[in-house]
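Commentary on secondary and tertiary structure
Next come the chains, spelled out residue by residue.
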Amino acid sequence: MKVGHIGINVRDIEVSKKFYINLFDFEIIAESKEKDKKYVFLGNNGELLITLWEQSNKEFSKTTAGLHHLAFVLKDLDELKVFEEKIEKFNIEKIYDTVVSHREGAESGGLFFLDPDRTRLEVYVTKGAHTCKPASDDSPSCGFF
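Residues numbered from 1 in each chain as written. Predicted model: local features only at pLDDT ≥ 70, side-chain atom pairs only at ≥ 80, totals over all residues. Heavy atoms only, no water.

Looking now at the sheet that holds strand S5 (residues 70–73). What holds strands together in a sheet is hydrogen bonding between their backbones, with the strands either parallel or antiparallel. Taken together, four strands build an open sheet; the order of strands is S5-S8-S7-S6 and the sheet is mixed. The outermost strands of the open sheet, each flanked by one partner alone, are S5 and strand S6 (100–101). Of the pairings in the sheet, the one linking S6 to strand S7 (residues 109–114) comprises two bridges and is antiparallel in character. Among the inter-strand pairings, valine 100 is bridged to a residue of S7, identified as glycine 110. Along the sheet face, helix H2 (residues 77–89) touches S7 and strand S8 (120–125) and points at about 20° away from the line of S7. (Pairing = 2+ DSSP bridges. Helix = DSSP H or I, 4+ residues; strand = E, 2+ residues; numbered from the N terminus. Contact = heavy atoms within 4.5 Å. Axes fitted to C-alpha atoms, helices over the stretch in contact; angles between N-to-C directions.)

In structure tokens, the structure reads:
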């Protein structure tokens with residue numbers, strides 16, 4: 001079994017669609033612009049990864065049960081550094097200033113940032129981040145943020 005896709009409620013479909021397409025280079029697989037049923041299906045090479053649904057009137061809240069954060073894995077630290085440049089270019093709000101390891105001495109680590117509705121996102125690598133500092137000494141960087 002594997003995850004098929006992730007559905008995210010958004011406040012403004014056009015703003016969120018632009019964010020995910022520009023940052024992740026997603027393609028539009030399907031889309032509806034019906035007045036009360038706006039959605040877009042995004043992915044790569046025809047594979048559905050994210051669905052956005054315009055049916056929210058508030059930004060993401062970490063105090064509500066549900067999604068904690070959404071994480072995407074990259075192949076290596078070089079690719080992660082390129083992604084960090086993209087986050088800077090688009091002036092995206094970061095949770096931590098730079099790449100952090102998942103915990104002290106961990107090989108894995110990543111970038112943590114927010115989408116337009118403040119949904120917490122992570123882009124990470126499984127190896128090569130051991131030279132990066134963790135965000136916290138007492139809990140995983142992807143935990144309590």
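Read from one edge of the open sheet, four strands run S1-S4-S3-S2, paired in mixed fashion. If you trace the sheet from one side to the other, it starts and ends with strand S1 (6–10) and strand S2 (27–34), each paired once. Taking each pair of neighbouring strands and ignoring which way they run, the sheet shows an average axis angle of 15°. Contacts from helix H1 (residues 13–24) reach S1, S2, strand S3 (37–44) and strand S4 (47–54) within the one sheet, and its direction differs from that of S3 by about 5°.

So, on to the pairing of S5. Of the two faces of S5, the one lined by Leu70 and Phe72 is fully buried and the one lined by Ala71 and Val73 carries no buried residue. Here four bridges tie S5 to S8, and the two strands are oriented parallel to one another. Counted as the bridge partner of valine 73 is tyrosine 124 from S8. (Buried < 20%, exposed > 50% of the residue type's maximum accessible area, 1.4 Å probe, protein only.)

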